Each structure stands twice: as structure tokens, then as C-alpha cells.
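So you can see what is in the structure, the chains are spelled out below.
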Amino acid sequence: MRKKLVAGNWKMHKTLTEAKVWLQELLSHTLPSSAEAALMVPFTSLPAAQEVLSGSPVAFGAQDVSAHQEGAYTGEISAKMLADLGCKYTIIGHSERRAYHKEPDLLVAEKAKRLLEANIAPILCVGEPLEVREAGEAVFYTLKQLEGSLQGVNPGSPHNLVIAYEPVWAIGTGKNATPDDAENMHDEIRSWLSSRFGKEYAAGVRILYGGSVKPDNAAALFAQPNIDGGLAGGASLQLESYLLLLGAAR
Ligand code: 13P
């Protein structure tokens, strides 16, 4: 059985102080036990997440990591530093980093290795742009991205790896994939994982959907057999909507 995961990606939002207040308020609510809650916060807010969430059932992590272990890499943050702050998960390969920072699949694979070495589960993002979907190539494109981003990566246990299918055209647009289209892609992703790591392994990996997940579409998406929760951007910034997403995952 895969426990659903509702991960928020705050992107470049909230100061340290704002994050602390938000997380404290989150813990003042009774959270449903049917799904795991996790917040992917800016690096600067990780100390607040560590202070507020340690010992709680809410997990947290970062939105990126360096592909290097340590050294003269000005401005970068290592997996060891993230582990020291208590990160359980960390996003890699988000389409915003692939687009704005030209991150190729093989760099994403190196990042996955660094996280796994530090006992942090990567939330690996894949997904096609609009022109690729319109050309009918969405599955081919997404599986190729998955293959490249996991090249040479050995996650060990299925709990150490989370995949997020995030079609680029659905991110921040208010246009989500239909539950059927998302389910179809998730099924393809699980089949690919099965051919690479074995059936039992693939059955244990959580595959999240991301791209305009909102309180009004979350329940239908999360009810699909291969959709194991969501990676929400905009809807994770307000406490009320994030709580509704959590409630929609059962
Ligand atoms: P939105 O939920 O704002 O569309 O963002 C999705 C996303 O990119 C999560 O990583």
C-alpha cells in the first residue's frame, strides 16, 4: 500500500518569518492521517521548518540541490547540508529549473545520486511541454526524460524515490490534466519503473501529479489508482487550500 503524499512547492515565496508563522498554524490543525503532508520550502526557510516541524508528522525539504558533494561551488547547497537541516525529501528536475537554468537530464541524475547518498528522497519532476502533447508525443517525451534523469541512479528502496508528473502546460496556468490523461501517464511511468527496477519495486513508488492542483480538482485526480497524491504550487501557499488538498487525499 502506498500512502498518499501531498507535497507543497512554495517556489520563491515566503520569508523565514512568514514560513514560521504558516507552519506553526498548520500544526495547530488536526491533520488527516490518511495522507502524508510535506512542504518544499525555500532554502532560507529550512531552519524554520526544522524548528517547527521536527517531531511532527509533517515532512519538509528543499526545491533543489547541488550535483556536487562539496567544494568551490559558490552559491550552491549540498545534500549533506540539507540532511543536516532535517530534509526528508527534495525536489529535483523541476521544469522551471530545466527551462530557466538549462538543467539537462544527466545533471538531474547527479542530483538524485547526491540526495540518495545523504538519505534524502528525491521528488523527481518530469513532464512534457504543450507542443509535445499536441504532437501526440507526451508519453515518449516524459519516459525519455525519466530514463535520462535516473541514469546510473540506484534508489535502493521504493520509499527513497518519488516521481512527480508535471505537464509544463499545466503549471501555474489553472489548466490541469484531466484525471484520465494524468492516470494514463502515471500508468506508463509505473510500467517504465517496473521494467527498470522490477514490478514489486515499481508498485511501491509514489507518483504524484502536479500542475494546477486545486481543492476543486484534487479529489478526482487523487482517486485515480496510479496517482499517489500531488505536488502543488499555488494551492500550497494558503493554509486553507493546502488543508483542503490534504483532506482530498485518502
Ligand atoms: P501550480 O500548482 O501553481 O500549477 O504549480 C505546480 C508546480 O510546479 C509544483 O511543483
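Here, every reference points to the structure presented above.
Caption draft 1: Broad picture of the pairing of strand 2 (residues 35–40). Most of strand 2 is tucked away, with six of its six residues classed as buried. Going residue by residue along strand 2, you find A35, A37 and L39 tucked away on one face and E36, A38 and M40 tucked away on the opposite face as well. A crossover connection joins strand 1 (residues 4–9) to the parallel strand 2 through helix 1 (residues 16–27); in handedness this β-α-β unit is right-handed. Summarising the sheet, strand 2 and strand 3 (residues 59–62) pair through three bridges and their orientation is parallel. Bridge assignment links L39 to a residue of strand 3, and that residue is F60.

Caption draft 2: Structural context of the site of the ligand. Close to the ligand lie 13 residues; K11, H94, G172, S212 and G233 are nearest. For the ligand, whose free accessible area comes to 310 Å², the fraction covered by protein is 96%. Split into classes, the residues belonging to the shell around the ligand amount to four nonpolar, seven polar and two charged.

Caption draft 3: Structural view of helix 8 (residues 179–197). The end-to-end C-alpha distance of helix 8 is 26 Å, a good match for the 27 Å that 19 residues give at a rise of 1.5 Å each. Here helix 8 has its buried residues at A182, E183, M185, H186, I189, R190, W192 and L193. Looking at the residues trailing helix 8, positive phi occurs at G198, about 100°.

What counts and how
Residues numbered from 1 in each chain as written. Predicted model: local features only at pLDDT ≥ 70, side-chain atom pairs only at ≥ 80, totals over all residues. Heavy atoms only, no water. Buried < 20%, exposed > 50% of the residue type's maximum accessible area, 1.4 Å probe, protein only. Helix = DSSP H or I, 4+ residues; strand = E, 2+ residues; numbered from the N terminus. Right-handed = clockwise from strand over helix to strand, strands pointing away. Pairing = 2+ DSSP bridges. Near = heavy atom within 4 Å. Areas by Shrake-Rupley, 256 points an atom, 1.4 Å probe, with all protein chains shown as cover. Nonpolar A, V, L, I, M, F, W, Y, C, P; charged D, E, K, R; others polar. Expected span 1.5 Å × (residues − 1).

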